[in-house]
Amino acid sequence: MTFNTIGSIANFIQTSFNNIPTGLSGANLVALVDSARQNVENYVGVTIGSNSIQSEFEPPIVNFSKADAIDFVQAQAGGEKLSLGELSLEDSGENMSSAAWRQLANSQLNNVSKGNIRFVRSLV
């Protein structure tokens with residue numbers, strides 16, 4: 001991935017999911033991605049610009065944004081349950097749940113270093 005702006009990440013999410021409602025598209029989706037960027041920025045303690053995102057921070061920002069978008073969509077529509085006699089079908093929406101995207105983003109975030117932390121061993 002080579003997204004370096006929150007707008008390009010928002011566009012990627014918009015085109016990746018087929019059921020993003022109009023209430024989330026555009027400026028609202030950009031704000032959602034910016035919130036994920038700020039979350040990662042606060043976690044790692046490094047300034048991440050909204051127009052100059054370093055490649056190492058892109059994966060967790062993208063996946064936190066996906067999780068938040070799925071949460072928004074699922075809050076708007078609860079999935080569908082269809083029944084015909086003994087046949088029952090349930091559609092939960094997206095194949096990968098927001099919890100799975102959030103877990104993936106957290107594991108990616110743990111792989112990113114937290115600034116310039118050094119460990120020193122002292123022999124007394």
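Residues numbered from 1 in each chain as written. Predicted model: local features only at pLDDT ≥ 70, side-chain atom pairs only at ≥ 80, totals over all residues. Heavy atoms only, no water.

Draft legend 1. View of the overall build of the chain. From N to C terminus, the chain includes four helices and two strands. Across the chain, helices and strands are ordered from the amino to the carboxyl terminus as α-α-α-β-β-α. Taken across its 124 residues, the chain has 32% of its residues classed as buried. Within the chain, counting contacts between residues at least 6 apart in sequence, those at least 24 apart form 69% of the total. A total of about 8,000 Å² of accessible surface is found on the chain, and carbon and sulfur atoms cover 49% of it. (Helix = DSSP H or I, 4+ residues; strand = E, 2+ residues; numbered from the N terminus. Buried < 20%, exposed > 50% of the residue type's maximum accessible area, 1.4 Å probe, protein only. Contact = heavy atoms within 4.5 Å. Areas by Shrake-Rupley, 256 points an atom, 1.4 Å probe, with all protein chains shown as cover.)

Draft legend 2. The arrangement of the environment of Ile-48 in detail. Within the fold, Ile-48 resides in the loop between helix H2 (27-44) and helix H3 (58-76). Taking the C-alpha atoms as reference points, Ile-48 and Gln-38, 10 residues apart in sequence, are found 7.8 Å from one another.

Draft legend 3. Seen up close, the pattern of salt bridges. Taken as a whole and judged by the stated rule, the model has two salt bridges. For the salt bridge of Asp-34 with Arg-37, the shortest nitrogen-to-oxygen distance reads 2.7 Å. On the criterion of helical spacing, the pair formed by Asp-34 and Arg-37 is a turn pair, its members being three residues apart in helix H2. Salt bridges linked by common partners bring Asp-34, Arg-37 and Glu-41 together as one network. (Salt bridge = Lys/Arg side-chain N within 4 Å of Asp/Glu carboxyl O.)

Draft legend 4. Structural view of the packing of aromatic side chains. As enumerated under the stated definition, the model contains one aromatic pair in all. Seen in terms of ring centroids, Phe-3 and Phe-12 are 5.0 Å apart; in terms of plane orientation they differ by 45°. Their pairing is tilted. Judged by its relative accessible area of 14%, Phe-3 falls in the buried class. The exposure class of Phe-12 is partly exposed, given its relative accessible area of 26%. (Phe/Tyr/Trp six-rings, centres within 6.5 Å; stacked < 30°, edge-to-face > 60°.)

Draft legend 5. Highlighting the environment of Leu-104. Tracing the sequence through the fold places Leu-104 in helix H4 (residues 98-111). When its relative accessible area of 30% is taken as the criterion, Leu-104 is described as partly exposed. Sequence spacing of Leu-104 and Pro-59 is 45 residues, and the spatial spacing of their C-alpha atoms is 8.9 Å.

Draft legend 6. Structural detail: helix H1 (residues 6-16). Within the span of H1, buried status applies to Ile-6, Ile-9, Ala-10 and Ile-13. Along H1, the residues classed as buried sweep out an arc of 100° about the axis, all on the same side. (Arc of directions from axis to C-beta.)

Draft legend 7. Structural context of the nonpolar core. By size, the foremost hydrophobic cluster in this structure holds 27 residues, and its most contacted members are Ile-9 and Ile-61. Mapped onto this core, the elements with two or more residues apiece are H1, H2, H3 and H4. Ranked by the residues each element gives to this core, the list is headed by H3, at seven residues. With residues near it in sequence (within four places) discarded, Ile-9 still touches Phe-3, Val-33, Ile-53, Ile-61, Val-62 and Ser-65. (Core = buried A, V, L, I, M, F, W, Y, C linked by side-chain atoms within 4.5 Å.)

Draft legend 8. The arrangement of the packing of H1 against H2 in detail. Two elements in contact, H1 and H2, have axes separated by 9 Å at closest approach and are oriented at 120°. Relative to H2, H1 is oriented so that their crossing is right-handed. When H1 is examined against H2, the residues Ile-6, Gly-7, Ile-9, Ala-10, Ile-13 and Gln-14 are found in contact with a partner set consisting of Leu-29, Val-30, Val-33, Asp-34 and Arg-37. Of the residues assigned to the contact of H1 with H2, the class counts are seven nonpolar, two polar and two charged. (Axes fitted to C-alpha atoms, helices over the stretch in contact; angles between N-to-C directions. Left-handed = near helix turned anticlockwise from the far one by under 90°. Nonpolar A, V, L, I, M, F, W, Y, C, P; charged D, E, K, R; others polar.)

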